[in-house]
Amino acid sequence: MFVLNKNIRSKKQEELLNKTPVSNRNQQKKVLILSCGTGGGHNSAAKAIQEDLQDKGIKADFIEYLDIINPKIKDKVNNLYIKTTQKNGKVFKVVYHLGEMYQKTKIKSPVYALNFLNKRRLYRFIKENGYQYIVTTHLFAAQTLTAIKKKYPIKFIAVATDYVCIPFWQETNPDYFIIPSSELEKDFEEKGIAKEKILPYGIPTSKEYRKVYDKKKCREKLDLKESEIYLLILTGSMGFGNVTEMLTKLKEELPKIHYIVACGNNKELLKTVQEQNKTEDSVIALPYTDQISEYMKSSDIILTKPGGLTSTEIATLRKPFIHTMPIPGCENYNADFFSKRNMSIQCNSVKEIADDTKKLINDLNKQEEMIKNQKKYIHRNTCDSISKLIINEINIGG
């Protein structure tokens, strides 16, 4: 089997790609893309890959891993994750720290043991549906696929959606491991990922974030005022963080700008923001929406918790932004990665957020510096690179 080195395809790959027209070459190819709904980023990355593969004529199905294994426990697992992130993520911090300690023992984790039990059900699903290649953006599915691979000749790619090698990735054995940046190669190698498997393509984002856009037209579409300054507050799919306190402080420091608060699926947060600002037209309380990319394009400054996918989406749009307090764990690493490369500003308190937002709004040079560094470190061709890799692999495998 050939080894793909970074972004360079082998001569054999090029020959295979050029042998037949794309439309004919891709017919009857089927790819399964697996994720898990513990946070919205994994699913968004998976859907972005699906979108790009379909644009290239590949049959690609996105399915949540637990919908295959046991749909009855899917909501329980997702709700358990949400509970660990509540109250400033104190429980999640402990769990993540335990995971970091456990991986140092080199002993297979209980998480792997649980996912190992699902190998027969997942393999049966793959074979019955005729999938030739599998992609996963979540650890759980990667562990099960690794267990399957020990017995059956399957091929799969793992895609990391955080700017750190999270605990237990080293227990997986994909054919290739897509990581967010070449600057993280050492971290993944030290955690046990084989160097020859690592491809620093980036984190995949939907084409909605990659294509050229007109800010003025986006505002017109959303009925936003062209002349106003808009600050968008993103709270993740679950509406995480002390948003009301942060918004109150921001309004004190910056009373003349407009605020859009994206509450995600958090109906309680939505109601609170609406009630506290019902007499003000400068605050928009936004429920879950499929137009979030349009709101991001329309905004001047974005505040967000440091999710790996969301941070990448913002940087792909080339927007100045501030990282608010993270869910302790991998989000700390995400914020560090961006802030140390001057792609964002990292804040650890409501006061810092208000102070730094005020400075950033008035500092156009700082905004331009952020955008310049986003162009340097965050590439827009991740999905294309992943799709071409999969197409190459399918054709080489027959």
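Refer to the structure presented above.
All values reported here derive from a predicted model rather than from experimental measurement. (Residues numbered from 1 in each chain as written. Predicted model: local features only at pLDDT ≥ 70, side-chain atom pairs only at ≥ 80, totals over all residues. Heavy atoms only, no water.)

A. Quick look at the packing of aromatic side chains. Evaluated as defined, the whole model comprises eight aromatic pairs. Pairing Tyr 163 with Phe 338 gives two aromatic rings, centres 5.0 Å apart and planes at 80°, and the pair type is edge-to-face. With Tyr 163 in the loop between strand S4 (156-159) and strand S5 (176-178) and Phe 338 in helix H16 (residues 330-340), the pair connects residues that are 175 residues apart, well separated along the chain. With respect to class, Tyr 163 is no different from Phe 338; both count as buried. With a relative accessible area of 0%, Phe 338 lands in the buried category. Joined through ring pairs, the aromatic side chains of Tyr 163, Phe 321, Phe 337 and Phe 338 make up one cluster. If you follow Arg 341 out to its NZ or CZ, it ends over the ring of Phe 337, 3.9 Å from the centre. (Phe/Tyr/Trp six-rings, centres within 6.5 Å; stacked < 30°, edge-to-face > 60°. Helix = DSSP H or I, 4+ residues; strand = E, 2+ residues; numbered from the N terminus. Buried < 20%, exposed > 50% of the residue type's maximum accessible area, 1.4 Å probe, protein only. Lys NZ or Arg CZ within 6 Å of the ring centre and 35° of its normal.)

B. Expanded view of the sheet that holds strand S11 (residues 321-323). The strand order across the open sheet built from six strands is S9-S8-S7-S10-S11-S12, with neighbouring strands paired in parallel fashion. Two strands in the sheet have a free side with no partner beyond their single neighbour: strand S9 (283-286) and strand S12 (345-346). Pairing geometry for strand S10 (residues 301-304) and S11, over three bridges, is parallel. Bridged to Leu 303 within S11 is Ile 322. Its contacts with the sheet place helix H13 (residues 267-276) against strand S8 (258-262) and S9, and it is angled at close to 160° to S9. (Pairing = 2+ DSSP bridges. Contact = heavy atoms within 4.5 Å. Axes fitted to C-alpha atoms, helices over the stretch in contact; angles between N-to-C directions.)

C. Structural context of the pairing of S9. For S8 and S9, the ladder comprises four bridges, and the chain directions are parallel. Its bridge partner being in S9, Val 261 is matched across the sheet by Ala 285.

D. Highlighting H16. Within the span of H16, buried status applies to Cys 330, Glu 331, Asn 334, Ala 335, Phe 337, Phe 338 and Ser 339. One or two residues past the end of H16 sits Asn 342, with phi positive at roughly 55°.

E. Up close: the nonpolar core. Counting 59 residues, the largest nonpolar core has Leu 122, Leu 145, Trp 169 and Phe 188 as the members making the most contacts within it. Per element, the largest residue contribution to this core is five residues, and it comes from helix H8 (residues 139-149). Not counting residues up to four positions away in its chain, the partners in contact with Trp 169 are His 138, Leu 139, Ala 142, Ala 158, Val 159, Ala 160, Phe 177 and Ile 193. Formed by 26 residues, the second largest nonpolar core is a distinct cluster that contains Leu 254, Tyr 259, Leu 270 and Ile 322. (Core = buried A, V, L, I, M, F, W, Y, C linked by side-chain atoms within 4.5 Å.)

F. Spatial organisation of the pattern of salt bridges. One pass over the structure, following the stated rule, counts 21 salt bridges. Its salt-bridge partner being Asp 384, residue Lys 388 comes within 3.1 Å of it at the nearest N-O pair. Taken together, the positions of Lys 388 and Asp 384, both in helix H19 (residues 382-396) and four residues apart, correspond to about one turn of that helix. (Salt bridge = Lys/Arg side-chain N within 4 Å of Asp/Glu carboxyl O.)

G. Summary view of the packing of helix H3 (residues 40-55) against H19. Running from N to C, H3 and H19 point in directions that differ by 65°, and their axes come no closer than 9 Å. Crossing hand, H3 versus H19: right-handed. Within the contact between the two elements, H3 uses Ala 48, Ile 49, Asp 52 and Leu 53 and H19 uses Cys 383, Asp 384, Ile 386, Ser 387 and Ile 390. Counted by class, the contact of H3 with H19 contains six nonpolar, one polar and two charged residues. (Left-handed = near helix turned anticlockwise from the far one by under 90°. Nonpolar A, V, L, I, M, F, W, Y, C, P; charged D, E, K, R; others polar.)

H. Up close: the side chain of Thr 357. Structurally, the position occupied by Thr 357 is in helix H17 (residues 350-361). What Thr 357 contacts, discounting residues up to four positions off in sequence, is Leu 231, Leu 250, Leu 254, Leu 303 and Ile 322.

I. Expanded view of unusual backbone geometry. Backbone geometry at Asp 223 places phi at a positive 60°, although glycine is not the residue there. On the secondary structure map, Asp 223 appears in the loop between helix H11 (215-222) and strand S7 (230-234). Within the chain, Asn 342 stands out as a residue other than glycine whose phi angle is a positive 55°. Relative to the assigned elements, Asn 342 resides in the loop between H16 and S12.

J. Looking closely at the pairing of S4. Residues of S4 alternate between two faces, with Phe 156 and Ala 158 on one and Ile 157 and Val 159 on the opposite face, all of them buried. Direction of pairing for S4 relative to S5: parallel, over a ladder of three bridges. Considered in S5, the bridge of Val 159 is made with Ile 178.

K. Structural detail: the sheet that holds S4. Reading across from one edge, S2-S1-S3-S4-S5-S6 is the order of the six strands in this open sheet, with parallel pairing throughout. Edge positions in the sheet fall to strand S2 (59-64) and strand S6 (198-199), since each has one partner strand and no second.

L. Geometry of the environment of Glu 183. Mapped onto the fold, Glu 183 is located in the loop between S5 and helix H9 (185-190). Spatially, the C-alpha atoms of Glu 183 and Tyr 377 are 9.4 Å apart, while their sequence positions differ by 194 residues. In this structure, Glu 183 is in contact with Phe 337, Arg 341 and Tyr 377, ignoring residues within four places of it in sequence. Engagement of the side chain of Glu 183 in a polar contact is seen with the side chain of Arg 341, the distance being 2.8 Å. (Polar contact = N/O pair within 3.5 Å; in protein donor to acceptor, adjacent residues only side chain to side chain.)

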